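Chain by chain, the residues run as shown.
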Amino acid sequence: MANPYDTLGVPKNASADEIKKAYRKLAREHHPDASGGDEARFKEIQGAYDVLSDAEKRTAYDAYGATNGRMRAESGTQFADVDLSDLFGSIFGGGAGRQRRPVPERGADVEAHTTLSFDDALRGAEVRVPVELETACRTCGGTGAEPGTAPTICPQCGGRGVTSDSHGLFALSHPCPRCRGNGTVVEHPCKTCRGSGHERTTKNFNVKIRPGIKDGARIRVGGKGESGRNGGPAGDLFVVVHVQPSPLYTRRGDDLVVEVPVGYADAALGASIEVSTPDGPISLKVPAGSQPGKLLKVKGRGAPKPKGGKGDLLARLKLTVPEKISKRERELLEQLRKVGG
């Protein structure tokens, strides 16, 4: 497998947070749905994160260069996998004839996307997210064999899943070419899955979105990713939330900015004006002499915060000038201009 540290662009001593940050950045850049996305590169990034985010897999990779208890050994100019149990079994006896137990493997993580309106993102919502997953074939139950038949022990490796070449005290193991390392062969493949034991299907999950969620946030739903192999745990589902822009508000962290039109007289003399908030309109006092662009803060009327409470509403004053004015208004404005207004 490719070096997962190189794939994510992190050093070997990188912390869990550094690994997660690098993964998220690369996953956003190369996601197939993103502009210029690369599905092959995205899968490589997911695979690298799967290794480095799991403490046991990372330890195994650091020790052996692999995650399933195998290490790499050089034979002439060719490299071959060395199964440690086979290696020590050939030294101390008993390993060569033993059937290899399948190694439990964690299922892959899956990413899905959902889109919310700005108002739903503020209020919170429960959304139905369709996810395409690889599941056990419904026809054969995951065996890969036609109903009424069953996989048989591989006659070439005797069910071990590997064949070995003896080199004195050492035995170099290779995946069995007949069963491809499974230890069993399917003589009569299932017509639905063609012997793979798996099929793609779409499942729908109800996902709760907390109030105040931001655009681009990722929600982890544990155990709803791809199924594990050989009894391993399922991966996780990550739902990326896309929030549609609001025609009224601009978000600044947990604060909301809203533009409020105000006339020249109200800005100069001061006034009480009506301002829209997510919880309904309120009356806001505009101080005398307020300048265009001035921000007036209304505490606790912004977006909900993750740990409780709300941000603030920031009302930005926007000076409005009427396109048409009456004769009397014109006379008054002329008088104002004469006195230096």
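Shown above is the structure to which this text applies.
Residues numbered from 1 in each chain as written. Predicted model: local features only at pLDDT ≥ 70, side-chain atom pairs only at ≥ 80, totals over all residues. Heavy atoms only, no water.

1. Observations regarding the overall build of the protein
The helix and strand tally for the protein stands at eight helices and 17 strands. Evaluated residue by residue, the protein yields a buried proportion of 35% over its 341 residues. Counted over contacts in the protein with a minimum sequence separation of 6, partners at least 24 positions apart contribute 60%. Accessible area of the protein: about 20,600 Å², with a carbon and sulfur share of 50%. (Helix = DSSP H or I, 4+ residues; strand = E, 2+ residues; numbered from the N terminus. Buried < 20%, exposed > 50% of the residue type's maximum accessible area, 1.4 Å probe, protein only. Contact = heavy atoms within 4.5 Å. Areas by Shrake-Rupley, 256 points an atom, 1.4 Å probe, with all protein chains shown as cover.)

2. Description of the sheet that holds strand S11 (residues 237–243)
Taken in spatial order, the three strands line up as S3-S11-S10 in an open sheet, and their pairing is mixed. On the outer flanks of this sheet lie strand S3 (110–116) and strand S10 (218–221), each paired with one strand and no other. Strand-to-strand twist in this sheet, taken as the mean axis angle between neighbours without regard to direction, amounts to 25 degrees. Inspection of the sheet shows S10 paired to S11 by four bridges, in the antiparallel sense. Considered in S11, the bridge of Ile-219 is made with Val-239. (Pairing = 2+ DSSP bridges. Axes fitted to C-alpha atoms, helices over the stretch in contact; angles between N-to-C directions.)

3. Quick look at the packing of helix H2 (residues 16–30) against helix H3 (residues 39–52)
Their axes nearest at 9 Å, the elements H2 and H3 cross at an angle of 165 degrees. Judged by the angle between their axes, H2 and H3 are roughly antiparallel. Regarding H2 and H3, the two cross each other, and that crossing is left-handed. Contacts between H2 and H3 involve Ile-19, Lys-20, Tyr-23, Leu-26, Ala-27 and His-30 on the former and, on the latter, Glu-39, Arg-41, Phe-42, Ile-45, Gln-46, Tyr-49 and Leu-52. Each residue belonging to the contact of H2 with H3 can be placed in one class, and the counts come to eight nonpolar, two polar and three charged. (Parallel < 35°, antiparallel > 145°, perpendicular 65-115°, else oblique. Left-handed = near helix turned anticlockwise from the far one by under 90°. Nonpolar A, V, L, I, M, F, W, Y, C, P; charged D, E, K, R; others polar.)

4. Considering unusual backbone geometry
Residue Arg-194 is not a glycine yet carries a positive backbone phi of 60 degrees. The topology assignment puts Arg-194 in the loop between strand S8 (184–185) and strand S9 (198–209). In this structure Arg-194 comes out as exposed when scored by relative accessible area, which is 75%.

5. Describing the nonpolar core
By size, the foremost hydrophobic cluster in this structure holds 36 residues, and its most contacted members are Val-131, Val-207, Ile-209 and Val-275. Those residues within four positions of Val-131 in sequence are excluded, and the remaining contacts are Val-110, Ala-112, Thr-201, Thr-202, Lys-203, Phe-205 and Leu-237. (Core = buried A, V, L, I, M, F, W, Y, C linked by side-chain atoms within 4.5 Å.)

6. Side note on the pattern of salt bridges
Within the structure shown, the criterion is met by 18 salt bridges. For Glu-29, the salt bridge is made with Lys-25, and the minimal N-O distance between the two is 2.8 Å. Highlighted residues: Glu-29 and Lys-25, both in helix H2, separated by four residues, approximately one helical turn. On the basis of relative accessible area, Glu-29 is assigned to the partly exposed category, the value being 37%. In this structure Lys-25 comes out as partly exposed when scored by relative accessible area, which is 45%. Within the structure, one salt-bridge network assembled from shared partners comprises Asp-50, Lys-57, Arg-106, Asp-109, Arg-220 and Asp-236. (Salt bridge = Lys/Arg side-chain N within 4 Å of Asp/Glu carboxyl O.)

7. Thoughts on the pairing of strand S17 (residues 313–320)
Bridge count for strand S13 (residues 255–263) against S17 is eight bridges, and the pairing is parallel. Of the residues in S17, the one forming a bridge with Val-257 is Leu-314. Pairing analysis gives four bridges linking strand S16 (residues 295–298) to S17, with the strands arranged antiparallel. Across the sheet, residue Leu-296 finds its bridge partner in S17, namely Ala-315.

8. Here we look at the side chain of Gln-46
In this structure, Gln-46 sits in helix H3. Of the polar contacts made by the side chain of Gln-46, one reaches the backbone oxygen of Asp-109; its length is 3.4 Å. (Polar contact = N/O pair within 3.5 Å; in protein donor to acceptor, adjacent residues only side chain to side chain.)

9. Thoughts on the packing of H3 against helix H4 (residues 55–64)
At a minimum axis separation of 6 Å, H3 and H4 run at an interaxial angle of 95 degrees. In terms of orientation, H3 and H4 fall into the roughly perpendicular class. Facing H3, whose interface residues are Asp-50, Val-51 and Leu-52, H4 presents Lys-57, Arg-58 and Tyr-61.

10. Points about the sheet that holds S13
Reading across the sheet, the four strands line up as S12-S13-S17-S16 and stay open at both edges, with mixed pairing between neighbours. The sheet is open, and its two borders are formed by strand S12 (249–252) and S16, each paired with just one other strand. Here the strands of the sheet are splayed against their neighbours by 35 degrees on average, with no regard to which way each runs.

11. Description of the environment of Ala-27
Take Ala-27: it is sitting in helix H2. Spatially, the C-alpha atom of Ala-27 lies 9.7 Å from that of Leu-8, the residues being 19 residues apart in sequence. Residues contacting Ala-27, with those up to four places away along its chain left out, are Phe-42 and Ile-45.

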